[in-house]
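Residues per chain are reported as follows:
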Amino acid sequence: MFSGSIPALATPFRDGSFDEAAFRKLVDWQIENGSKGLVPCGTTGEASTISNAEHHRVIEVCIEQAAGRVPVIAGCGSNDTRNALLHMQFAKKAGAAAGLCVAPYYNRPSQSGLIAHFSHLAENSDLPIVLYNVPSRTVTDIEDETVCELVNKYPDRIIAIKDASGDLSRVADHRMGIGRDFCQLSGNDELWLPHSAAGGSGCISVTANVAPKLCAEFHEAIAAADLIKAREINDRLFPLHYAMFSDASPAPVKYALSRVHDWFSEDVRLPLCNASEASRKQVDEALEHAGLI
């Protein structure tokens, strides 16, 4: 259902509030430069520090501005099942193509708890679900057997996974347990190339925020089986992949966006702080290496 370069959009703030005008510009710029989908209100979108009202407005603006040109996968995750369902119901009404639902964080549910959580969402909303596994942030890992059980139980509801576990063997595990047509998206930019080789269809990308054209061209090279071109682009992007996490995310990507666009503020919300001097230096060097500044 989804493929290509799909940026996990940063949420711009100005004077402490959601900068709607800048966000609309970001959406247009992404689509004009080849992004094949958009993800508002994910981890990079600082979903953990925006209110529900802001969360829903960001989703709404993204869908409005995209205007059907690309699908919007709305961030709907929460460590509260009821709140995740609330986000899904809103996203469905607003016109999202799917909801990105992270494993509940902080609570540390068991695998049985994860099955119960995602089953409740699948049974109480008809919005398609993209599972999001990022154990480095949530602590809880959606294990392969759990993913396969959920997808096989709800094949029309749970339609994809964003895997940021860093374990490339999972692509094959999911293919064996679910089928080759199951949509698998990398959640790690630096693993996009081998993830695709193993059977992935694209990446929900942090780097694509600031390098949408290069990321789109990278996926096109992979899809065309042009390994030489894919490697060349990967070499240009690789330092940037790591620079995006040279400080607490999304501070580095917001700084990078502020370097590329004068209309995008680098501000993040507490408890995050703006990128450190060391991080800024690494980002600047990576942007120069990629030919973006």
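Conventions and cut-offs
- Residues numbered from 1 in each chain as written.
- Predicted model: local features only at pLDDT ≥ 70, side-chain atom pairs only at ≥ 80, totals over all residues.
- Heavy atoms only, no water.
- Pairing = 2+ DSSP bridges.
- Helix = DSSP H or I, 4+ residues; strand = E, 2+ residues; numbered from the N terminus.
- Axes fitted to C-alpha atoms, helices over the stretch in contact; angles between N-to-C directions.
- Contact = heavy atoms within 4.5 Å.
- UniProt positions renumbered as here; feature names shortened; annotations may be inferred.
- Buried < 20%, exposed > 50% of the residue type's maximum accessible area, 1.4 Å probe, protein only.

## Let's talk about the sheet that holds strand 1 (residues 4–7)
Strands sit in the order 1-9-8-7-6-5-4 across an open sheet of seven strands; the sheet is parallel. Edge positions in the open sheet fall to strand 1 and strand 4 (73–75), since each of these has one partner strand only. Across the sheet, the mean angle separating the axes of adjacent strands is 30° when strand polarity is ignored. Judged from the four bridges that link them, strand 1 and strand 9 (residues 202–205) form a sheet pairing that is parallel. When the sheet's bridge partners are listed, Pro7 is paired in strand 9 with Ser205. Together, strand 1 and strand 9 form the strand contacts of helix 9 (residues 212–223), whose direction differs from that of strand 1 by roughly 150°.

## Here's the deal with the UniProt feature "binding site: pyruvate" (unreviewed entry) in the protein chain
UniProt marks Thr44 and Ile204 with the feature "binding site: pyruvate" (unreviewed entry), using the numbering shown here. Sequence-wise these annotated residues cover 161 residues; spatially they are packed, their C-alpha atoms never more than 10.6 Å apart. Along the chain, Thr44 falls in the loop between helix 1 (20–32) and helix 2 (52–66). Filtering out sequence-adjacent residues up to four positions away, Thr44 remains in contact with Ala8, Leu9, Ala10, Thr11, Val206, Asn209, Pro250 and Val253. Structurally, Ile204 is set in strand 9. Since its relative accessible area comes to 1%, Ile204 is described here as buried. Those residues in contact with Ile204 that lie beyond four places of it in its chain are Ile6, Ala8, Val39, Leu100, Lys162, Leu185, Ser186 and Gly187.

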